[in-house]
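# Secondary and tertiary structure notes
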Amino acid sequence: MTDLFIHDSAARRKRRFEPIDPGHVRMYVCGPTVYDLAHLGNARPVVVFDVLFRLLRRLYPKVTYVRNITDVDDKINARSRETGEPIEAITARTTADFHADMAALGALEPTVEPRATQHIAEMIALIERLIANGHAYVAEGHVLFSVPSFRDYGKLSGRSPDELLAGARVDVAPYKRDAGDFVLWKPSDENTPGWESPWGRGRPGWHIECSAMSWKHLGEAFDIHGGGHDLIFPHHENEVAQSVCAFPGRGFARYWMHNGMLLVNGEKMSKSLGNFMTVRDILAEGPWAGEAFRLLLLRTHYRAALDFTMEGLREAKAELDGHYAMLRRAPAAHDEGLARRMAEWVLEPLHDDLNTPLALARLRDLRTLENALTVGGSATVVLERIGLTREPAPGTAAAAFREAAQILGITRFAPEAWAQGLAGAGKATASGDTLMASAVAGPTREEVESAITARLAARRAKNWAEADRIRDDLKAKGIILEDGPAGTSWRRA
RNA sequence: GGUCCGGUGGCCGAGUGGUCAGGCAAGGGUCUGCAAAACCCUCUACAGCGGUUCGAUUCCGCUCCGGACCUCCA
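Looking at an unreviewed UniProt entry, one finds chain A named Cysteine--tRNA ligase and attributed to Neoroseomonas alkaliterrae.

Let us look at the overall build of chain A. Summing up its helical and strand segments, chain A has 18 helices and 15 strands in all. If you take every contact in chain A between residues at least 6 apart in sequence, the share linking residues at least 24 apart comes to 75%. Taking the 61 positively charged and 65 negatively charged side chains of chain A as two groups, their mean positions are separated by 4 Å.

Moving on: the packing of aromatic side chains. Here the structure, examined in full by the defined rule, presents 13 aromatic pairs. Pairing Phe53 with Tyr65 gives two aromatic rings, centres 5.0 Å apart and planes at 55°, and the pair type is tilted. Taken together, the residues span a long stretch of sequence, with Phe53 in helix α1 (residues 40-59) and Tyr65 in strand β4 (residues 63-67) at a distance of 12 residues. Summarising the aromatic geometry, the rings of Phe222 and Phe252 are spaced 5.2 Å apart at their centres and angled 80° between planes, so their arrangement reads as edge-to-face. One end of the pair, Phe222, is in strand β9 (residues 222-228); the other, Phe252, is in the loop between α7 (232-246) and β10 (253-259), and 30 residues separate them in sequence. What links up through ring pairs into an aromatic cluster is the set Tyr28, Phe222, Phe252 and Trp256. Taking NZ or CZ as reference, Arg57 lies 4.9 Å from the ring centre of Phe53, over its face. In this arrangement the basic side chain of Lys271 is found over the ring face of Tyr35, its NZ or CZ atom lying 4.8 Å from the centre.

Further remarks concern the sheet that holds strand β5 (residues 136-139). Read from one edge to the other, the open sheet built from four strands follows the order β5-β6-β7-β8, with strand pairing classed as antiparallel. Of all strands in the sheet, those with a lone pairing partner are β5 and β8 (202-204), marking the two edges. Averaged over all adjacent pairs, the angle separating strand axes in this sheet is 20°, with direction ignored. Both β5 and strand β6 (residues 142-145) contribute to a ladder of four bridges, which runs antiparallel. By the bridge assignment for β6, Val138 is matched with Val143. Each of β6 and β7 (182-187) touches α7; the most contacted strand, β7, lies at about 85° to it.

Let us now look at the UniProt feature "short sequence motif: 'HIGH' region" (unreviewed entry) in chain A. Annotation from UniProt places "short sequence motif: 'HIGH' region" (unreviewed entry) at residues 32-42. Taken as a whole, residues 32-42 contains 27% helix and 0% strand, while its terminal C-alpha atoms sit 8 Å from one another.

With that out of the way, let us pick up the environment of Val143. Secondary-structure assignment places Val143 in strand β6. The exposure class of Val143 is buried, given its relative accessible area of 0%. Between the C-alpha atom of Val143 and that of Ile131, which follows or precedes it by 12 residues, the distance is 8.6 Å. Setting aside chain neighbours within four positions, we find Val143 in contact with Ile127, Ile131, Ala136, Tyr137, Val138, Phe182, Val183, Leu184, Trp185 and Trp199.

Considering all chains together, one arrives at 38 salt bridges under this definition. In this structure, the salt-bridge partner of Arg54 is Asp50, at a minimum N-O distance of 2.9 Å. Of this pair, Arg54 and Asp50 both sit in helix α1, four residues apart, which is roughly one turn of the helix. Assessed through its relative accessible area of 12%, Arg54 is described here as buried. Linking Arg250 and Glu220 is a salt bridge whose minimum nitrogen-to-oxygen distance equals 2.7 Å. Taken together, the residues span a long stretch of sequence, with Arg250 in the loop between α7 and β10 and Glu220 in the loop between α6 (208-218) and β9 at a distance of 30 residues. Look at Glu220 and you get partly exposed, because its relative accessible area is 28%.

Reading the values: the criteria
- Residues numbered from 1 in each chain as written.
- Chains lettered and ligands numbered in written order.
- Predicted model: local features only at pLDDT ≥ 70, side-chain atom pairs only at ≥ 80, totals over all residues.
- Heavy atoms only, no water.
- Helix = DSSP H or I, 4+ residues; strand = E, 2+ residues; numbered from the N terminus.
- Contact = heavy atoms within 4.5 Å.
- Lys, Arg positive; Asp, Glu negative; His and termini not counted.
- Charge placed at Lys NZ, Arg CZ, Asp CG, Glu CD.
- Phe/Tyr/Trp six-rings, centres within 6.5 Å; stacked < 30°, edge-to-face > 60°.
- Lys NZ or Arg CZ within 6 Å of the ring centre and 35° of its normal.
- Pairing = 2+ DSSP bridges.
- Axes fitted to C-alpha atoms, helices over the stretch in contact; angles between N-to-C directions.
- UniProt positions renumbered as here; feature names shortened; annotations may be inferred.
- Buried < 20%, exposed > 50% of the residue type's maximum accessible area, 1.4 Å probe, protein only.
- Salt bridge = Lys/Arg side-chain N within 4 Å of Asp/Glu carboxyl O.

This is the structure we're talking about:
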């Protein structure tokens, strides 16, 4: 088995992945705060860590992937005050939308998806431990983490507490002993959600929930912690402080992985900047859009910034069209052992810190090879690159493609369905399905097929003018015909 | 201001101390009734300036440009 290397943000270098328990790999990824639709930037970690999850499942017997839902937060409270919609309604609806959107991107469900509001008891227990350990204190109804009490504070994000203080751009609350101290628990008035606690009725601070949920579902120490690069400070720094101080000597997360930001016009896409586009906006482009966006995300290495453009989305769609076209025409028969080896060759770059762009390039090589063998061609350059000395049986490269593409989570639809409109295809939730079905426009399958029959008669009679007229007519309606040795096939543009 | 990460051919985007990334676009060809698809060929880049080296796009330094973070953020 090839070793897996991942870039650990804490160590700032690539490290060989050695799980605490090789029989059970454990990963935690920060999930959404459910107060609004997911934007394109929110989708990046979901897709990136979905690929990692799939890869880990291939490499290890058991993988537990935890991704939380943050359903208690002052942004949610603010939204409820603005719109008048009850908090529970906002979080329930937004969670359902999030699930539908992520399913449309082909993301598997995590093993566990804990909600913050269902882990208040764990949060309180954690805070009590921190107070008992001398790492937290009560002040004016708040419980604060004492940053000076933790020597390694700032290690993850690479800053010293002094620097943080110097650059602080918020007013320091008077009850803080140290300007860097952060809130673990804060009081709630009667109009704000709250839970009874040893410190009165209140609600948790932002960071404590992740420490509580990873502890509950993965234990005091686990293997991988992931999230967006912008979470390193303060969120992950504070999480480390809380968890390490609550469970001294256990080490918390062994590897930290952070995905780069998604940009639009060279700037980070974020809700606070207001320059965001929702996943749902993209899905409305067509039934192909979810998978195309997923591919777009994987065409750039996860740690690099990615500048989103519609041209990029269309290019990803065109790439998928080509992949599906190959799968559609490739024979099912194949050399199984050779297919397995070729799939390994494609997936090999994923073991080097999830190099999806290189894996995708190799996947394209498999497509070229299969096309050459199925349609006609030599593909000597590709054969050499793969390291094959002779041509594999037709269908073999396609079988390898299918196996490798499964780890990347692309070409998950039936090739014919992809080509002809995907009506009713996706297994997304109800709202996602509606979206897909409504996006299919143009002639029905029956209309297209009867036109093809009419054209076939014209071609038999060598009435080329009529045959071309039918083809042009369909083309104007978004239907492309392709004559091949096995007959005429069609697809939607 | 502090910390960090980047600048690769028309566009996107991997990677490497010295032989090829790959894709899109463009041009040429094979095939086809004509197309389409597919395959083949062409297109040889690493921000700038120094340094290390037999040799640097790759290592080091400086400069310029872009971005992220500095307690809302995936």
